[in-house]
Amino acid sequence: MSDMENDFQVKMKPTAKEEPKFPEIVVIIPIMNSPIFPGMIAPIILSEEKFTPELDESLLKTGYIALNLVKNELKDDEGEIIPEEDIDFEKKEIKSGDIYKVGVLCKVVKKLKLPDGSVNVLVHGMKRYRASEILSESPVLKTRIEVFDDILETDEELDAYTRSVINQVKKLSEINPYFNEEMKLAMLNSPSPGALADLVAFAISLDIPEAQDFLETLVVKKRFAKLLVYLKREKDVADIQKKISDEVNDKVNKYQREYFLREQLKVIRSELGMEEDDKTRDIKKIKDEIEKVGMPEGILKTAKEELERLELIPDSSPEYNVARTYLNWLIELPWQKSTNDNVEIAASRKILEKDHYGLEKAKERILEFLAVRKLKPSYDGTILCLAGPPGVGKTSLGKSIATALGRTFYRFSLGGMRDEAEIKGHRRTYVGAMPGKIIQALKRVEVNNPVIMLDEIDKIGKSFQGDPASALLEVLDPEQNSSFIDNYLDIPFDLSKVLFIATANYINDIPEALLDRMEVIELSGYTLEEKVAITTKWIIPRQLKKHGLQRADFSLNLNVIKKIIADYAREPGVRVLEQHIAKLCRRAALDKVSHPKKKIKFSPTLLNLESMLGTPRFQSEIAEKKNKPGVVTGLAWTAYGGEILFIETLPLKGKGFKLTGQLGGVMNESATLAYSYVKKLLQNEIEDAELALAKSFKQSKSAGAGERNKVHIETEDYLAGHEVHLHLPAGATPKDGPSAGITMALALYSLATNRAVNSDLAMTGELSLTGKVMPVGGIKEKVLAAKRAGIKTIILPKQNEKDLKEVPILHRKGMKFYPVSHFDEVLKIALKK
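What this report covers is the structure whose coordinates are included nearby. (Residues numbered from 1 in each chain as written. Predicted model: local features only at pLDDT ≥ 70, side-chain atom pairs only at ≥ 80, totals over all residues. Heavy atoms only, no water.)

Moving on, we come to the overall build of the protein chain. Of the regular secondary structure elements, the protein chain holds 27 helices and 24 strands. Looking at the protein chain as a whole, 45% of its 833 residues qualify as buried. Expressed as a percentage of contacts within the protein chain between residues at least 6 apart in sequence, the contacts between residues at least 24 apart total 74%. For the protein chain, the computed accessible surface area is about 45,300 Å², with 52% contributed by carbon and sulfur atoms. (Helix = DSSP H or I, 4+ residues; strand = E, 2+ residues; numbered from the N terminus. Buried < 20%, exposed > 50% of the residue type's maximum accessible area, 1.4 Å probe, protein only. Contact = heavy atoms within 4.5 Å. Areas by Shrake-Rupley, 256 points an atom, 1.4 Å probe, with all protein chains shown as cover.)

As a further point, take the packing of aromatic side chains. Here the distance between the centres and the angle between the planes together describe a pair of aromatic rings. Inspection of the entire model under this criterion finds 8 aromatic pairs. With 4.4 Å between their ring centres and 15° between their planes, phenylalanine 657 and tyrosine 675 make a pair best called stacked. Of this pair, phenylalanine 657 sits in strand β18 (residues 656-660) while tyrosine 675 sits in helix α22 (residues 665-699), placing them 18 residues apart in sequence. Phenylalanine 657 sits in the partly exposed class, given a relative accessible area of 24%. Geometrically, the ring pair formed by tyrosine 677 and phenylalanine 823 is edge-to-face, given 5.6 Å between the ring centres and 90° between the ring planes. Of this pair, tyrosine 677 sits in helix α22 while phenylalanine 823 sits in helix α27 (residues 823-830), and the two are 146 residues apart along the sequence. Of the two residues, tyrosine 677 and phenylalanine 823, both sit in the buried class. Over the face of the ring belonging to tyrosine 326 we find arginine 428, whose NZ or CZ atom lies 3.7 Å from the ring centre. (Phe/Tyr/Trp six-rings, centres within 6.5 Å; stacked < 30°, edge-to-face > 60°. Lys NZ or Arg CZ within 6 Å of the ring centre and 35° of its normal.)

Counting residues in each nonpolar core, the largest one holds 55 residues, and the members touching the most others are Leu454, Ile457 and Phe500. By residue number, the principal contributor to this core is helix α10 (residues 318-332), which donates 7 residues. Apart from the residues lying within four places of it in its own chain, the contact partners of isoleucine 457 are Leu414, Leu472, Leu476, Ala502, Thr503, Ala504, Ile510, Leu514 and Met518. The next biggest cluster of nonpolar side chains, apart from the first, holds 51 residues, and it includes Ile351, Leu367, Ile564 and Ile581. (Core = buried A, V, L, I, M, F, W, Y, C linked by side-chain atoms within 4.5 Å.)

Let's shift gears to the pattern of salt bridges. Per the counting criterion, the structure on display carries 33 salt bridges. We note a salt bridge from arginine 428 to glutamate 306, for which the minimum N-O separation is 3.4 Å. Of this pair, arginine 428 sits in the loop between α14 (421-424) and α15 (437-445) while glutamate 306 sits in helix α9 (residues 297-312), placing them 122 residues apart in sequence. Accessibility expressed as a relative area gives 30% for arginine 428, which makes it partly exposed. Close ionic contact of aspartate 567 with lysine 563 constitutes a salt bridge, the shortest N to O distance being 2.6 Å. Taken as a pair, aspartate 567 and lysine 563 lie in helix α19 (residues 558-567) at a separation of 4 residues, close to a single helical turn. One network of salt bridges, with partners in common, ties together Arg128, Asp150, Asp198 and Arg223. (Salt bridge = Lys/Arg side-chain N within 4 Å of Asp/Glu carboxyl O.)

Here is the key point about a regular strand: its side chains alternate between the two faces of the sheet. Counting buried positions over the 6 residues of strand β3 (residues 64-69) gives 6, a clear majority of the element. As defined by bridge partners, strand β1 (residues 25-31) adjoins β3 across 5 bridges and the pair is classed as parallel. Looking at the pairing, isoleucine 29 lines up with leucine 67 of β3. (Pairing = 2+ DSSP bridges.)

So, about a nonpolar patch on the surface. Together, Ile240, Ile244, Val248 and Val252 line one region of the surface with nonpolar side chains, adding up to about 340 Å² of accessible area. With respect to the helices and strands, the residue isoleucine 244 is situated in helix α7 (residues 220-272). (Patch = residues over 30% accessible without salt bridge, like charges linked within 9 Å, V, L, I, M, F, W, Y side chains within 5 Å.)

Let us look at the packing of helix α8 (residues 278-293) against α9. The angle between the axes and the distance between the axes are what describe a pair of packed helices. At a minimum axis distance of 11 Å, the contact between α8 and α9 shows a crossing angle of 175°. Relative to α9, α8 is oriented roughly antiparallel. Along its contact with α8, which presents Lys279, Ile283, Ile286, Lys287, Ile290 and Glu291, the element α9 presents Leu300, Ala303, Lys304, Leu307, Leu310, Glu311 and Leu312. Looking at side-chain class alone, the contact of α8 with α9 contains 8 nonpolar, no polar and 5 charged residues. (Axes fitted to C-alpha atoms, helices over the stretch in contact; angles between N-to-C directions. Parallel < 35°, antiparallel > 145°, perpendicular 65-115°, else oblique. Nonpolar A, V, L, I, M, F, W, Y, C, P; charged D, E, K, R; others polar.)

Structure below.
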């Protein structure tokens with residue numbers, strides 16, 4: 001049971017004194033904010049729509065209105081709660097169910113019509129009342145009223161409550177400006193304890209549920225008890241607000257105090273003729289450096305404007321450091337500094353030969369590039385892109401180019417870069433902003449014409465933060481990079497003098513627009529002989545020096561080096577090979593330190609090599625002595641170089657075509673195409689055989705002709721009645737690409753016709769749906785793999801015949817090559833007679 005209900009149970013008379021007689025029926029004005037308590041005088045603004053003629057007539061007739069609070073939750077016609085943000089109080093018609101029953105009966109003191117049509121009604125709160133009976137809802141809300149007085153029990157407890165409230169208000173007045181002297185005076189002149197409680201409650205602005213609860217409390221003692229809780233909460237909130245305000249003021253006062261002290265110090269130093277302060281010296285130093293750097297005219301103007309702004313910023317402000325850092329970047333960039341190119345082709349050739357073995361095609365192209373630079377130093381041709389497998393010397397080639405030109409070399413990796421700001425910088429509005437990698441590189445090398453290597457350009461990422469590859473388009477375009485604008489600097493910088501060299505492992509992963517701006521120089525993997533030469537000439541001497549060994553302490557014979565390359569380091573490059581040589585050098589160093597008195601030369605053999613390097617990583621496929629029908633040897637290119645692979649087919653009961661061996665999407669399509677082509681080829685052969693047989697029967701009824709064509713006629717029935725399973729070992733190795741097209745087609749044809757393929761033959765080539773043999777890549781690596789496996793004959797696309805020139809004559813010796821342009825030629829060469 002609520003306090004109000006308890007109070008109503010006390011038998012009361014509405015009024016016992018000679019007071020103004022209140023009307024029995026009044027108009028209710030709903031209010032949405034804090035209520036007006038009895039004894040308060042306050043204005044109420046009613047809009048033109050709300051101040052109806054009926055309301056005006058009631059005010060003239062009675063001189064009183066009732067103010068009732070609107071409930072927090074308003075409901076629509078269907079009883080659903082309306083969200084507060086969707087309520088238009090000006091247009092919403094408030095009904096009796098939307099307001100609380102208990103309110104305040106007010107006397108209208110004055111009403112004033114305003115220019116906008118609204119009416120200002122000044123009311124004086126008289127008594128608490130309850131709407132006992134709603135008489136009408138529209139056009140105005142009328143009710144019969146029941147007026148109540150406060151229930152006052154005068155005793156010591158009430159006196160204690162009163163004093164407690166007054167003390168709390170005094171404490172609150174120290175930190176809450178609302179409790180001013182006028183408020184204190186009004187409290188002292190309150191006619192009764194109940195009026196005092198109402199006055200304080202009005203001052204602390206209770207929310208609607210609390211204000212309504214307070215309004216319904218008739219017993220003054222209970223009203224004081226609730227008021228003390230509200231005052232305590234108000235005091236706690238006011239204390240927190242004061243604490244926050246004091247902290248903010250302390251910080252502001254600290255900065256102001258420091259600023260005034262610095263300004264006073266400047267004046268004192270100036271009067272005494274003492275030396276300049278730190279900020280003045282700093283600005284003077286920056287000004288001198290700006291004049292010395294030799295910036296272009298437009299950029300010099302920007303720097304001076306920034307310097308003028310810096311002079312106006314207090315050095316204690318965070319903005320001062322931001323502006324100071326920006327000017328430092330402008331000063332430290334090499335606007336005019338450059339190195340002179342000193343290109344000598346003979347010396348450049350020696351540098352390339354000294355640092356690299358093989359790679360003749362790449363070296364020749366680099367020398368051509370250097371020759372053009374010598375004839376025309378201002379030549380801004382295409383950007384070079386060195387593409388090849390890991391460890392073949394792309395980065396070291398870039399260093400050699402820089403050495404040959406006499407320029408400074410700088411390298412940074414683009415691998416995994418996902419933010420465009422890494423290239424073009426962050427805007428200065430961000431905290432910790434800085435220029436992009438290009439501008440940072442120029443600051444470090446201190447010249448404006450270095451050789452900058454963009455390593456791993458094929459591994460650029462892309463995210464919601466932008467596309468770095470798109471940002472590189474401006475950097476690598478000679479037509480645009482003469483006025484490259486970094487987001488941080490926000491001024492143009494000339495990159496046309498910079499020589500950019502990119503490196504990549506797979507050019508297919510480079511965006512087409514970016515690839516179009518570069519000239520690709522492909523570096524193929526090293527052959528076995530090249531790796532042996534590199535090992536003896538470069539790797540072993542370098543590792544001996546690195547591990548503190550002498551020539552007399554370590555040796556490797558050629559057979560051991562070849563074994564390491566074949567079983568442990570089959571990659572196209574020499575990085576893994578060098579790691580294994582380093583492992584052997586560490587073993588040699590351990591033996592030397594463990595037996596200092598013995599002079600033993602560390603020389604691994606084929607027998608003990610596995611105990612030092614572990615189990616071999618690779619097992620070479622060797623050509624079969626004799627192939628079964630349905631098995632064909634193919635040639636493949638992998639990240640580790642060339643390999644041979646066996647394509648196997650098997651007939652099963654049923655119908656269909658099954659593929660296994662972890663094949664990629666392109667290879668799956670290639671296998672399906674081969675199956676369709678062979679099936680059509682066999683159908684054509686059957687038709688030709690049937691026509692020949694029919695013709696033979698007409699000419700002579702010889703049974704021999706039928707026997708000669710019987711095998712071909714049965715072929716179609718054989719394929720139609722069997723499911724074919726095609727597999728490419730090893731199953732755990734992913735495979736993809738179209739280069740096994742003719743190999744898979746031949747395996748299917750061999751199975752269908754029960755004719756074996758020559759065992760010393762391997763092939764590569766893409767097959768079209770019309771039987772054309774299309775060109776493929778990796779010819780050099782595939783030929784080397786075939787040589788290693790004992791293959792004597794190779795079928796390859798006619799258009800790849802020119803690529804055989806890249807294979808050394810030594811490796812082509814003893815092998816036959818059959819360039820073909822159609823699958824019919826493959827059948828004639830591959831199938832045994």
